[in-house]
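Tertiary structure, described
Listed below, chain by chain, are the residues.
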Amino acid sequence: MKNIKRLFAVTIILATLLSLASCRWIGGPEDALKAVEERMESLDSYEADMEGLLVYYVRGCRVETTLTGKTIEAETQSEQPYFYQLTETKTKCKELSVNESTSQMEAYYQGNYFISSREGDGRVQKLYSAATVDQVVSYFDLRGNRADFSLMVSCGEKTYQKNDDGTSTLILKGYDEKTLNKLLGMDEGVAELLNADRLDLELTMVIDRAFRLSHLTMKLLLIHEDPEKPVEKDKIPEMTITITFGKFNEATIVTDGLNVEDYKQVDDALQPVSLVQNIKSYADSAEGHFTIKSVQNVTVAGQITKSVETNDVVFGMRDGSYFYDIEADISGKIMTISYANGKQTTIFNSEKTEADLKEADAKKGILNLMLLTIQDAKYATDVVQKEGNSYRITYSDLPKSMEGYFGEGGIFSGGKQTVTVNYSETGAFEGYSAVLDINGYVQTKNGAYQTNIRIEYEITIL
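Below or above, wherever it landed, is the structure these notes cover.

The rules behind each value
Residues numbered from 1 in each chain as written. Predicted model: local features only at pLDDT ≥ 70, side-chain atom pairs only at ≥ 80, totals over all residues. Heavy atoms only, no water. Buried < 20%, exposed > 50% of the residue type's maximum accessible area, 1.4 Å probe, protein only. Helix = DSSP H or I, 4+ residues; strand = E, 2+ residues; numbered from the N terminus. Pairing = 2+ DSSP bridges. Core = buried A, V, L, I, M, F, W, Y, C linked by side-chain atoms within 4.5 Å. Contact = heavy atoms within 4.5 Å. Expected span 1.5 Å × (residues − 1). Disulfide = S-S within 2.5 Å. Polar contact = N/O pair within 3.5 Å; in protein donor to acceptor, adjacent residues only side chain to side chain. Axes fitted to C-alpha atoms, helices over the stretch in contact; angles between N-to-C directions. Salt bridge = Lys/Arg side-chain N within 4 Å of Asp/Glu carboxyl O. Left-handed = near helix turned anticlockwise from the far one by under 90°. Nonpolar A, V, L, I, M, F, W, Y, C, P; charged D, E, K, R; others polar.

With respect to burial, strand 5 (residues 112–118) is a largely interior element, six of its seven residues being buried. As consecutive antiparallel partners, strand 4 (residues 98–109) and strand 5 are separated by two residues, and within that stretch Gln110 has a phi angle of approximately 55°, a positive value. Where strand 5 folds back on strand 6 (residues 124–130), the antiparallel hairpin that results is connected by five residues, among which Gly122 adopts a positive phi of roughly 95°.

On to the nonpolar core. In this structure, Leu275, Ile279, Phe290, Tyr324, Ile374, Tyr395 and Tyr432 are the most contacted members of the largest nonpolar core, which totals 62 residues. Look past the residues within four positions of Ile374 in its chain and what remains in contact with it is Leu275, Val276, Ile279, Tyr395, Gln417, Val419, Tyr432 and Tyr457.

The next point concerns helix 8 (residues 271–283). With 13 residues, helix 8 should reach 18 Å at 1.5 Å per residue; the first-to-last C-alpha distance of 18 Å fits that figure. Counting buried positions along helix 8 yields eleven of 13 residues, so the element is predominantly enclosed. The complete set of buried residues in helix 8 reads Gln271, Pro272, Val273, Ser274, Leu275, Val276, Gln277, Asn278, Ile279, Tyr282 and Ala283.

As a further point, take the state of the cysteines. The full count for this structure, using the stated rule, is zero disulfides. This cysteine, Cys61, is not joined by any disulfide, and Cys93 carries the nearest cysteine sulfur, 4.9 Å off.

Attention now moves to the environment of Tyr109. Turning to its location among the elements, Tyr109 is positioned in strand 4. When its relative accessible area of 14% is taken as the criterion, Tyr109 is described as buried. Taking the C-alpha atoms as reference points, Tyr109 and Tyr82, separated by 27 residues in sequence, lie 5.3 Å from one another. Excluding residues that lie within four positions of it along the chain, Tyr109 makes contacts with Thr76, Tyr82, Phe114, Ile253, Thr255 and Leu258. There is a polar contact of 3.3 Å between the side chain of Tyr109 and the side chain of Gln110.

In this structure, Phe211 is a non-glycine residue whose phi angle is positive, near 60°. What makes Phe211 partly exposed here is its relative accessible area of 36%. Residue Ser331 is not a glycine yet carries a positive backbone phi of 50°. Position of Ser331 relative to the elements: it lies in the loop between strand 15 (321–330) and strand 16 (333–340).

By way of backbone hydrogen bonds, the strands of a sheet pair with one another, either parallel or antiparallel. As summarised here, the arrangement of the eleven strands in space is 18-17-16-15-14-13-23-22-21-20-19, forming an open sheet in which the pairing is antiparallel. With partners counted over all chains shown, the strands left at the sheet margins are strand 18 (351–356) and strand 19 (380–386), one partner each. If you compare each strand with its neighbour and ignore which way they point, the axes differ by 15° on average. In the sheet, strand 20 (residues 390–395) pairs with strand 21 (residues 411–423) via six bridges, with the strands oriented antiparallel. Across the sheet, Ile393 pairs through a bridge with Val419, a residue of strand 21. Along the sheet, helix 8 makes contact with strand 13 (287–300), strand 14 (303–318), strand 19, strand 20, strand 21, strand 22 (429–444) and strand 23 (447–461), crossing strand 20 at roughly 110°. Lying over the sheet, helix 9 (residues 359–371) contacts strand 13, strand 14, strand 15, strand 16, strand 22 and strand 23, oriented at roughly 40° with respect to strand 15.

Along the chain, the position of Thr451 falls in strand 23. Looking at Thr451, the relative accessible area reads 2%, which means it is buried. Of note is the side chain of Thr451, whose polar atom sits 3.0 Å from the backbone oxygen of Tyr449. Apart from residues no more than four positions distant in its own chain, Thr451 is found in contact with Val298, Thr299, Val300, Phe406, Ile438, Asn439, Gly440, Tyr441 and Val442.

Another aspect to go through is the pattern of salt bridges. In this structure the tally under the stated criterion is 14 salt bridges. Across the pair Glu64 and Arg62 runs a salt bridge whose closest N-O atoms are separated by 2.9 Å. For Glu64, a relative accessible area of 19% corresponds to the buried category. Of the residues examined, Arg62 reaches a relative accessible area of 34% and is grouped as partly exposed. Within this structure, Glu47, Asp49 and Lys70 form a network of salt bridges that share partners.

Turning our eyes to something else, we now look at the pairing of strand 4. In this structure, strand 3 (residues 81–93) lies alongside strand 4, joined through eleven bridges in antiparallel fashion. Its bridge partner lying in strand 4, Lys90 is registered against Ser101. In this antiparallel pair of consecutive strands, strand 3 and strand 4, the connection spans four residues, and Ser97 shows a positive phi of 55°.

Where helix 8 meets helix 9, the closest approach of the two axes is 9 Å, and the angle between their N-to-C directions is 145°. For helix 8 against helix 9, the interelement crossing comes out right-handed. Counted together, Val276, Ile279, Lys280, Tyr282 and Ala283 of helix 8 and Leu367, Met370 and Leu371 of helix 9 form the full contact between these two elements. When grouped by side-chain class, the residues that make up the contact of helix 8 with helix 9 number seven nonpolar, no polar and one charged.

Taken in spatial order, the twelve strands make up an open sheet running 7-8-9-10-11-1-2-3-4-5-6-12, and their pairing is mixed. On the outer flanks of this sheet lie strand 7 (157–162) and strand 12 (264–265), each paired with one strand and no other. With seven bridges connecting them, strand 5 and strand 6 associate as antiparallel partners. Each residue of the ladder has a partner; that of Tyr113, found in strand 6, is Ser129. The sheet strands contacting helix 4 (residues 133–143) are strand 3, strand 4, strand 5 and strand 6, and the helix crosses strand 4 at an angle near 140°.

Rendered as structure tokens:
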């Protein structure tokens, strides 16, 4: 199963275990972990079942999200890599009358990549395209499915024990905030939102007698250190995910739901997710320089208001700390926004204002500036390769959140977005141009007025 291991990392935890198996930081379990790595690599196939529970509180209301999923890695009879992953999510909150369910499936089978999703409102996405193994490898690498070994072992507590039944257990925990945020892809400040002084992660791995990975459990720990801080014990958020591995060398290849006739064929079904991941990767780079050109036309009751804005953005690390410098031309008026050493400085119309800003929020601001109105990949309905190395992505059935563009009490009635993504000859991300065209109604004291909002923008990486 070596080709499959190279192609896919089912979960960040699995990839972590395999990385741990080849390291030398722990004396006792070294031989056992090395045996696990070799044993898992020798398998032709396996299945993994996931169960998860996330509980948090919004204005005192309990919100519960359950996750179930199945992952299969194998080789077909023609020795082609096969991957299948189905994830179902259910969210409910009795007090807020919320009871929603979604599902998402992605697979690689017979040289085709499939992706489908189903929302609780009945919206369905089903796309597929031909893809080589190397293309899918690059796609999963871009998504960050492979674990960062140096981060995973950067914990304060590592415990290994042999059990009476012949199995072994490895437990990792004791992560600092920055490491934990990188591992889980979280922003700084999550602990505060969850009413905790800090967070930790506990990973428990069970190895069977045959040195195969049997169970993985990931538990988010909320640490309360301040005795003066009130804690409602019956309203403490929780998150636990358990993955059970089995059917070693006997995995069943699922083909139901993988009939190309049931999907819309596009030129590259990997592009919608790749666009967002490329933006995130660039925004997280050590240094960057890009420009934004945008034109917004708002038509209300036949009256058009037009605004034009250009931005020149430089960001990165300087003297060991994060910074950015933004120069914006807003319909002929210049505004500069700079960030350094925890402060953001804005100069507009000769007036200077300063505000404290956390580094994490500053970085998030640059990311949001690059994402602008880019839609979630699940709203993509078509992908067409254009001349050169560029792709046009069409997004339809846009979400209800578009109502925010129409102000308080506004109504969103429909629209679409097209995005043209540009790559260099070597495949490097160069930016994108987009058009968002939405319709609805704005509410005024004189009644509701039909409104069209059209935003054209272009981001170019310099």
